[in-house]
Amino acid sequence: MPRRQILIAGGGIGGLAAAIASRQAGWEVRLAERASAFSEVGAGVQLGPNAVRCLDAWGLRAPLQAVACFPERLEIRSAIDAGELGRMRLGRTMAERYGAPYLTIHRADLHALLLAAVSDRADAPLLLDHRLTDFVQGDDAVAARLLRGDGSELALEADLLLGADGLHSRVREGLLGEGVAQPAGHLAYRAVVPQRALAQHLRSQVVTVWLGPQLHVVHYPLRGGELLNLVAIRHGQPPADLVHWDHGANAGELQDALARTCAPLQDMVQAVSDAGGQWRLWPLVERAPVAAATQMAQGLVALLGDAAHPMRPYLAQGAGMAIEDAAELGRDLGMQALEPALRLRRYALNRWQRVAAVQRRSRRNAGIFHATGAVRVARDAAMRLLGERLLDMPWLYGGGPVPVRH
Ligand SMILES: Cc1cc2nc3c(=O)[nH]c(=O)nc-3n(C[C@H](O)[C@H](O)[C@H](O)COP(=O)(O)OP(=O)(O)OC[C@H]3O[C@@H](n4cnc5c(N)ncnc54)[C@H](O)[C@@H]3O)c2cc1C
């Protein structure tokens with residue numbers, strides 16, 4: 001019997017993870033990416049043990065070990081007076097508690113190792129420069145139209161279609177007929193610099209989160225500790241053109257936003273600019289949390305990652321949830337006794353409540369991170385008192401699907 005075939009639209013972290021999981025479940029994979037080369041933005045990403053367990057199960061521990069960082073702790077500091085508010089042990093403590101480490105990694109490195117795992121066999125054609133424009137569901141197949149960079153079209157049929165095509169997903173639009181994702185009213189500035197370009201006292205090998213009124217800053221090491229990744233998020237209105245989201249940002253604008261924060265934080269941001277770090281600007285967008293399984297799959301079409309559940313980055317779990325989605329998808333695709341549509345239904349049923357909980361918590365964290373006045377005082381007191389008991393999240397790091405190899 002010919003193998004079942006899944007067409008994946010989108011070759012980001014989510015699409016590549018889905019390709020690995022689908023292949024390991026015995027499916028033939030075709031992946032269409034609209035860009036003419038596979039790439040990721042030049043920034044870092046944190047992955048909790050919930051996501052790292054999935055990567056481990058796909059056999060990716062060794063390549064991760066070679067390029068990721070495994071910070072010893074997470075520190076929360078006041079952006080006003082630099083005082084420590086709380087800390088959580090990561091390193092060995094997390095690995096022992098949850099069966100996999102907490103890590104930080106350059107997106108390009110994560111993307112490259114996922115791509116290598118997909119490209120190592122000839123039976124997973126990767127179609128670059130192919131943008132999915134349309135699809136129609138039949139009784140037992142999906143017909144998709146792809147537009148190539150040269151203007152020509154390609155018609156493809158597959159048993160299933162997966163939309164892993166990100167925030168402005170065409171598959172989502174075709175499946176759910178919704179409008180565009182909405183601005184969250186927050187702007188993210190990101191930069192990556194070599195640690196050696198910073199003064200000794202500014203270099204850091206831990207995850208540090210600075211909490212201030214209507215803003216926060218996160219920094220952590222990348223690439224074995226050679227690089228430092230910074231993300232600063234503040235309240236603010238996005239530029240008009242949301243789809244072309246990666247704008248050259250103004251370092252001066254960020255410095256202005258930090259004017260009332262402590263000297264060590266301002267020094268750090270200034271040092272990054274002085275060291276040649278380019279501050280890139282992302283206006284954050286979001287959608288309401290997933291409200292039903294039918295928002296993640298209908299018939300022979302499913303959504304994954306940001307296409308399904310875009311979220312604010314206040315729990316550092318958007319990519320983690322995409323990886324978890326892929327692990328669950330692989331498990332369900334391998335259920336040979338079920339018709340393909342039922343396998344997708346199972347995927348959606350097993351995922352929607354968890355991703356909705358993460359979306360809600362990410363949104364709530366924005367209020368906590370950026371608190372002012374009495375709420376800030378209460379937050380700081382709770383963090384000083386409870387520390388790790390408040391910061392650790394067993395429901396998040398310990399939960400999620402356990403991927404099964406087929
Ligand atoms: C400031 C910031 C910090 C973050 N930090 C973290 C973190 O620390 N940890 C974490 O887990 N997450 C984090 N995230 C979230 C994370 O970046 C995303 O959730 C994740 O990258 C989503 O991956 P994806 O594959 O679903 O989508 P994308 O990365 O957007 O990939 C979608 C792909 O689909 C392609 N595509 C689009 N349309 C089409 C089409 N019609 N046909 C074919 N291809 C198409 C695109 O070119 C792209 O390659 C952060 C996000 C932000 C903004």
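This text goes with the structure placed above it.
My aim in this report is to walk through the structure given alongside it, one point at a time. (Residues numbered from 1 in each chain as written. Predicted model: local features only at pLDDT ≥ 70, side-chain atom pairs only at ≥ 80, totals over all residues. Heavy atoms only, no water.)

Quick word on the pattern of salt bridges
Heads up, the rule is: Between Lys or Arg on one side and Asp or Glu on the other, a salt bridge is scored when a side-chain nitrogen of the former is within 4 Å of a carboxyl oxygen of the latter. Secondary structure elements follow DSSP: runs of H or I no shorter than four residues count as helices, runs of E no shorter than two count as strands, and numbering proceeds from the N terminus. A simple rule labels every residue: compare its accessible area, found with a 1.4 Å probe on the protein chains alone, to the largest value its type can have, and call it buried under 20%, exposed over 50%, or partly exposed in between.
Applying the stated criterion across every chain, the model contains 25 salt bridges. Across the pair Arg312 and Glu286 runs a salt bridge whose closest N-O atoms are separated by 2.9 Å. Of this pair, Arg312 sits in the loop between strand S19 (301-303) and helix H9 (318-333) while Glu286 sits in strand S17 (residues 280-286), and the two are 26 residues apart along the sequence. A single burial state applies to Arg312 and to Glu286, both of which are buried. A salt bridge links Glu328 to Arg331; the shortest N-O distance between them is 3.1 Å.

Comments concerning the site of the ligand
Spelled out, the test is: Residues are classed as near a molecule or strand on a simple rule: at least one heavy atom within 4 Å of it. Nitrogen and oxygen atoms within 3.5 Å of one another constitute a polar contact, given that in protein one can donate a hydrogen and the other can accept it, and given that sequence-neighbouring residues count only through two side-chain atoms. Here the accessible surface of atoms and residues is derived via Shrake-Rupley with a 1.4 Å probe, and residues count as covered only by protein chains that are part of the display. Residues are grouped as follows: nonpolar covers Ala, Val, Leu, Ile, Met, Phe, Trp, Tyr, Cys and Pro; charged covers Asp, Glu, Lys and Arg; every other residue, Gly included, is treated as polar.
Taken together, 30 residues are adjacent to the ligand, and Gly14, Glu33, Gln46, Arg107 and Asp306 come closest. Between the ligand and Gly14, the relevant distance is 2.8 Å, taken from an oxygen atom to a main-chain nitrogen or oxygen of the residue. At 2.9 Å from an oxygen atom of the ligand is found a main-chain nitrogen or oxygen belonging to Ala319. The protein chains hide 87% of the 1,000 Å² of surface that the ligand would expose on its own. When contributions to the shell around the ligand are tallied by element, the ones reaching two or more residues are helix H1 (13-24), strand S2 (28-33), strand S3 (44-47), strand S8 (130-137), strand S12 (182-194) and H9. The class makeup of the residues in the shell around the ligand is ten nonpolar, eleven polar and nine charged.

Considering the pairing of S8
Stated precisely, the cut-off is as follows: The pairing criterion for strands is at least two bridges between them, as found by DSSP.
As paired strands, S8 and strand S9 (residues 142-148) are joined by seven bridges and run antiparallel to one another. Bridge pairing in S9 places Val136 opposite Ala143. Hairpin remark: S8 followed by S9, antiparallel, with four residues in the connecting loop.

Overview of the side chain of His216
The cut-off we apply is this: Contact definition: two residues touch when any of their heavy atoms are within 4.5 Å.
Mapped onto the fold, His216 is located in strand S14 (residues 215-222). Reaching out from His216, the side chain makes a polar contact with the side chain of His370 at a distance of 2.9 Å. Sequence-distant contacts of His216, defined by excluding residues within four places in its chain, comprise Val209, Trp210, Leu211, Val231, Ala232, Ile233, Tyr314, Phe369 and His370.

Notes on a nonpolar patch on the surface
To be explicit about the condition: The patches described consist of residues with a relative accessible area above 30% and no salt bridge, like charges being joined within 9 Å and nonpolar side chains (Val, Leu, Ile, Met, Phe, Trp, Tyr) within 5 Å.
A cluster of nonpolar side chains, contributed by Leu385, Leu386 and Leu390, occupies part of the molecular surface with about 280 Å² of accessible area. Examined against the element boundaries, Leu385 turns out to sit in helix H11 (residues 373-386). On the accessibility criterion, Leu385 (67% relative accessible area) is exposed.

Structural notes on the sheet that holds S19
Sheet strands line up and pair through hydrogen bonds in the backbone, either parallel or antiparallel. With respect to topology, six strands assemble into an open sheet ordered S7-S2-S1-S11-S19-S18, the strand pairing being mixed. Sheet topology places strand S7 (126-128) and strand S18 (297-298) at the edges, where each strand pairs with a single neighbour. As defined by bridge partners, S18 adjoins S19 across two bridges and the pair is classed as antiparallel. Looking across to S19, one finds that Ala297 is bridged to Ala302.

Some remarks on the pairing of strand S4 (residues 73-78)
Sheet faces and side chains relate simply in a regular strand, where the side chains alternate between the two faces. Burial runs high along S4: five of the six residues are buried. Sheet topology places S4 next to strand S5 (residues 84-89); five bridges connect them, and they run antiparallel. Bridge pairing in S5 places Glu75 opposite Arg87. A loop of five residues connects S4 with S5, the two strands running antiparallel in sequence, and Ala82 in this loop sits at a positive phi of about 70 degrees. Examined bridge by bridge, S4 and strand S13 (residues 207-212) share five bridges and lie parallel to one another. What sits directly across from Glu75, in S13, is Thr208.

Brief notes about the sheet that holds S9
Worth spelling out the cut-off: Each axis is a line fitted through C-alpha atoms, taken for helices only over the stretch in contact, and angles between the N-to-C directions span 0 to 180 degrees.
With respect to topology, three strands assemble into an open sheet ordered S8-S9-S10, the strand pairing being antiparallel. Edge positions in the sheet fall to S8 and strand S10 (153-158), since each has one partner strand and no second. Each strand axis lies, on average, 25 degrees off the axis of its neighbour in the sheet, ignoring direction.

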